[in-house]
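# Per-entry structural report
Here are the chains, one letter per residue:
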Amino acid sequence: MIEVRALVKAFGLKPVLRGLDFSVQSGEFVALLGPNGAGKTTFLRILATLSRPKMGEVRIDGYRLPQQAAEVRRRLGVVSHQPLLYGDLTAEENLRFYSRMYGVVDIQARIKEVLELVGLYPRRRDLVRSFSRGMQQRLAIGRAVLHQPQILLFDEPHTGLDQDAATMLDGVLRTIAAGGRTVVMTSHDLLRAARLADRVDILSKGVIAASIPGGDVDPVELSELYRQVTHD
């Protein structure tokens, strides 16, 4: 579903991605870990068609970037650090607005389905500005899945959430992944990300420095591997 070869990205004279290779199978959930400055957000922005690489090849569902970005965007749902929601609209009104943008069929039924998925149907008529950070993040995920994209990109979705909100978000992510979507998620929470994902890739010095299976991961082994590949 995602195929990246020899990807290079630099800002001025500062290299960020240094010949990165990366691939994700259809329906796979990959957690992308790494320290600040490793290039995680830069890489996700390239996959999301928001930034162009300097060199390398990127294919998503067979389409090349940046040449076929319009085709790729139809297949993507993206959740970034900004929820991209309108605070003076209700949850339902936000999703209706995006439904029209995406050309969603049977809008009202789909909105109800999405709000139930993210646990916000009882709050559907409340203004988004009254929502907690966790509720806004869940609604942002609802916005991202509204048009039923094949691929979902999550950039640090747990940032700023308390423990209860983060646990609830975990449940939403598991439900989405169980539906067969392809997911790439960046995170600083090593153990949480590893237990959600099918695979963990560690980005360091602009390349994938290590890759291990996700799921029931030993926290000590994960921390030691992370320390080795990001500090050596």
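Located above this text is the structure these notes cover.
Residues numbered from 1 in each chain as written. Predicted model: local features only at pLDDT ≥ 70, side-chain atom pairs only at ≥ 80, totals over all residues. Heavy atoms only, no water.

Across its full length, the protein holds eight helices and 10 strands. Taking 17 Å as the expected radius of gyration for a compact globule of 232 residues, we find that the protein reaches 18 Å, a close match to that expectation. Referenced to the eigenvectors of the C-alpha coordinate spread, the extents of the protein come out at roughly 50 × 40 × 30 Å. The long-range fraction of contacts in the protein, counting pairs at least 24 apart against all pairs at least 6 apart in sequence, stands at 67%. Treating the 31 positive side-chain charges of the protein as one cloud and the 26 negative ones as another, the clouds have centres 7 Å apart. (Helix = DSSP H or I, 4+ residues; strand = E, 2+ residues; numbered from the N terminus. Rg over C-alpha atoms; globule rule 2.2 N^0.38 Å. Contact = heavy atoms within 4.5 Å. Lys, Arg positive; Asp, Glu negative; His and termini not counted. Charge placed at Lys NZ, Arg CZ, Asp CG, Glu CD.)

Let us now look at the packing of aromatic side chains. Applying the stated criterion across every chain, the model contains four aromatic pairs. Ring geometry for Tyr-86 versus Phe-97: centroids 5.4 Å apart, planes at 80°, classification edge-to-face. You can see Tyr-86 sitting in the loop between strand S6 (76–79) and helix H3 (91–102) and its partner Phe-97 sitting in helix H3, a full 11 residues away along the chain. With relative accessibility at 34%, the residue Phe-97 sits in the partly exposed group. Pairing Phe-97 with Tyr-98 gives two aromatic rings, centres 5.2 Å apart and planes at 80°, and the pair type is edge-to-face. One aromatic cluster is present, built from ring pairs that chain together Tyr-86, Phe-97, Tyr-98 and Tyr-102. It is Arg-143 that lies over the ring of Tyr-98; its NZ or CZ is 5.8 Å from the centre. (Phe/Tyr/Trp six-rings, centres within 6.5 Å; stacked < 30°, edge-to-face > 60°. Buried < 20%, exposed > 50% of the residue type's maximum accessible area, 1.4 Å probe, protein only. Lys NZ or Arg CZ within 6 Å of the ring centre and 35° of its normal.)

Together, Tyr-86, Phe-97, Met-101 and Tyr-102 line one region of the surface with nonpolar side chains, adding up to about 400 Å² of accessible area. Locating Met-101 in the fold gives a position in helix H3. By relative accessible area, Met-101 is classed as exposed at 55%. (Patch = residues over 30% accessible without salt bridge, like charges linked within 9 Å, V, L, I, M, F, W, Y side chains within 5 Å. Areas by Shrake-Rupley, 256 points an atom, 1.4 Å probe, with all protein chains shown as cover. Salt bridge = Lys/Arg side-chain N within 4 Å of Asp/Glu carboxyl O.)

Moving on, we come to helix H4 (residues 107–117). Taken residue by residue, H4 has Arg-110, Ile-111, Val-114 and Leu-115 as its buried positions. Buried positions in H4, seen along its axis, are confined to an arc of 130° and lie on one side of it. Elements that come into contact with the buried residues of H4 comprise H3 and helix H5 (133–145). Positive backbone phi, at 75°, marks Gly-119, one or two positions downstream of H4. (Arc of directions from axis to C-beta.)

Attention now goes to the sheet that holds strand S1 (residues 2–11). In spatial order, the strands read S2-S1-S4-S5; together these four strands make up an open sheet with antiparallel pairing. For this open sheet the edge positions go to strand S2 (14–24) and strand S5 (63–65), each flanked by a neighbour on one side alone. Neighbouring strand axes in the sheet, compared pairwise and without regard to direction, differ in orientation by 30° on average. The sheet contact formed by S1 and S2 spans eight bridges and is antiparallel. Paired with Phe-11 across the bridge in S2 is Lys-14. This element, helix H1 (residues 40–47), spans S1, S2, strand S4 (55–60) and S5 of the sheet and lies at about 120° to S1. (Pairing = 2+ DSSP bridges. Axes fitted to C-alpha atoms, helices over the stretch in contact; angles between N-to-C directions.)

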